[in-house]
Amino acid sequence: MSFENQTRDQIQTLLAEQRAHLEDLKGRGLSLDLTRGKPSAEQLDLSMALLDLPGEDYRAADGTDTRNYGGLLGLKELREIFAPILRAPVEQVVAGDNASLAMMHDNLVFALLHGTVDSPRPWGEEETVKFICPVPGYDRHFALTEAYGIEMIPVDLHDDGPDVAAVRELVKDPQVKGMWLVPTHGNPTGVVVSEAVAADLAALETAAPDFRIFWDNAYAVHHLDQEETKSADILGLCAASGHPDRPICFASTSKITFAGSGVCFLASSPANVAWYLKHLGKRTIGPDKVNQLRHARFLRDTEGVHQLMARHREILAPKFAQVISILADRLGGHGVAQWTEPRGGYFVSLDVVDGTASRVIELTRDAGVAMTPAGAAFPHGNDPRNRNIRIAPSYPTRADLEIAIDVLATCVLIAAAEQSLAS
Ligand code: PLP
């Protein structure tokens with residue numbers, strides 16, 4: 001992929017034009033940030049009513065005084081709202097505090113320290129623990145596994161989920177204890193794991209008896225089009241395949257209500273939920289039930305969540321459309337880039353000419369546009385082809401986004417031309 005059918009002279013001309021354009025853009029003294037997938041202030045404003053809730057009536061439906069200690073499982077009225085989204089019976093759903101990432105962390109650490117319900121010994125007593133990491137993936141998953149010395153094995157993502165044939169081979173190794181997966185509108189690719197791929201993963205024969213799928217459904221209801229993609233029923237599929245304890249599902253309202261003050265959820269088998277609560281009970285006396293109650297009152301029911309997400313979509317969809325349209329305008333036809341057109345989630349994943357992603361990021365930074373470092377979506381930040389760039393369109397205004405993507409596209413062309421002329 002690079003300037004097919006173009007002569008050296010044509011590439012030189014293009015490079016000069018793009019460098020001149022970048023100088024023009026730089027002249028505006030830019031300071032733009034496309035690094036993280038954060039909701040914009042306009043999106044956060046949709047949930048301002050939360051700040052006046054729960055008001056004087058601080059009692060939950062069952063009479064619980066939410067101001068006090070206790071209730072490790074979380075408020076039932078909130079779990080009821082999210083159970084259909086997690087595709088789990090309400091009894092198998094735990095509601096927690098403001099970060100599903102913390103729940104993932106705890107599950108990993110509890111498994112390392114104590115072992116899971118079906119572990120022969122704590123994972124930490126194994127010589128080596130390995131996790132399968134579909135790539136490109138979520139950088140914080142990889143940072144977390146890296147921090148606890150877990151070996152990461154990258155596996156390619158296809159249009160319908162991870163490469164199952166590769167996963168099937170890898171799980172023959174008893175040291176492979178788990179895998180990360182963002183099943184719906186994956187970060188950063190937007191890939192949705194199909195019901196068929198989920199069924200294959202559920203049915204896999206694994207050498208480790210305690211193999212876990214960390215099913216991080218952070219974008220379960222975050223659709224960018226009217227056709228609201230449903231997540232695969234991993235709990236049902238695993239139970240039907242005789243592996244009920246394999247999946248641990250996570251979700252949160254970080255990109256539904258307030259990113260820093262939302263609520264998070266875990267759903268799994270009855271045995272895994274009991275195991276999680278047993279260890280969680282040593283760590284906390286209970287979650288922030290006042291926050292849970294105000295979320296339950298604000299969202300009202302599952303339909304209320306979907307209605308709120310439709311309002312997020314009205315803000316987000318035009319930004320994604322804008323990114324894709326600028327990329328198509330500026331890069332289409334040159335053969336120097338491919339990008340995703342996600343139907344949900346928070347990112348556009350851009351692949352540039354092999355070997356040039358870090359140069360592109362360096363050029364954008366010099367022009368005043370901060371991007372996620374090249375390779376961030378790979379274990380240890382190492383993209384073997386040095387080609388993947390994650391674009392996070394949610395936070396900037398549309399005016400800023402227009403300039404930032406213009407800068408990015410210009411830098412993609414410059415880096416590709418530089419490389420092509422150097423060879
Ligand atoms: N999981 C994925 C895939 C994400 O992209 C993010 C945030 O970007 C998170 C989890 C963080 O979730 P939380 O805010 O609930 O910790």
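Above this note sits the structure.
Residues numbered from 1 in each chain as written. Predicted model: local features only at pLDDT ≥ 70, side-chain atom pairs only at ≥ 80, totals over all residues. Heavy atoms only, no water.

1. Observations concerning the pairing of strand β11 (residues 348-352)
Looking down a regular strand, the side chains alternate between one sheet face and the other. Among the 5 residues that make up β11, 5 are buried, leaving the element largely enclosed by the rest of the structure. Side chains Val348, Leu350 and Val352 project from β11 onto one buried face, and the interleaved Ser349 and Asp351 project onto a second face that is buried too. Here 3 bridges tie strand β10 (residues 337-339) to β11, and the two strands are oriented antiparallel to one another. Bridged to tryptophan 339 within β11 is leucine 350. Both β11 and strand β13 (residues 388-391) contribute to a ladder of 4 bridges, which runs antiparallel. Residue pairing across strands places valine 348 opposite isoleucine 391, the latter belonging to β13. (Buried < 20%, exposed > 50% of the residue type's maximum accessible area, 1.4 Å probe, protein only. Helix = DSSP H or I, 4+ residues; strand = E, 2+ residues; numbered from the N terminus. Pairing = 2+ DSSP bridges.)

2. Considerations on the site of the ligand
Neighbouring the ligand are 13 residues, the closest being Ser100, Asp216, Tyr219, Ser254 and Lys255. One of the side-chain N or O atoms of tyrosine 219 is found 2.6 Å from an oxygen atom in the ligand. At a separation of 2.6 Å, an oxygen atom of the ligand approaches a polar side-chain atom of serine 254. When the ligand sits alone it has 400 Å² of accessible area, and the protein chains cover 88% of it. When residues of the shell around the ligand are assigned to their parent elements, the largest contribution, 3 residues, is made by helix α4 (residues 100-114). Tallied by class, the residues present in the shell around the ligand amount to 7 nonpolar, 4 polar and 2 charged. (Near = heavy atom within 4 Å. Polar contact = N/O pair within 3.5 Å; in protein donor to acceptor, adjacent residues only side chain to side chain. Areas by Shrake-Rupley, 256 points an atom, 1.4 Å probe, with all protein chains shown as cover. Nonpolar A, V, L, I, M, F, W, Y, C, P; charged D, E, K, R; others polar.)

3. Considering the sheet that holds strand β5 (residues 161-162)
Taken in spatial order, the 8 strands of this open sheet run β2-β9-β8-β7-β6-β3-β4-β5, and their pairing is mixed. In the strand order of this sheet, the two ends are held by β2 (93-95) and β5, each with one partner. Both strand β7 (residues 212-216) and strand β8 (residues 247-252) contribute to a ladder of 4 bridges, which runs parallel. Paired with tryptophan 215 across the two strands is cysteine 249, which belongs to β8.

4. Regarding helix α10 (residues 289-299)
Of all 11 residues making up α10, 9 are buried, and the element is well covered by its neighbours. Within α10, burial applies to Lys289, Asn291, Gln292, Leu293, Arg294, His295, Ala296, Phe298 and Leu299. Looking at the packing, one finds that the buried side of α10 touches α3 (76-86), β2 and α11 (302-331). Capping the start of α10, aspartate 288 holds a side-chain oxygen 3.2 Å from the backbone nitrogen of valine 290, two or three residues further along. Arginine 300 occupies a position one or two residues after α10 and carries a positive phi of about 70°. (Contact = heavy atoms within 4.5 Å.)

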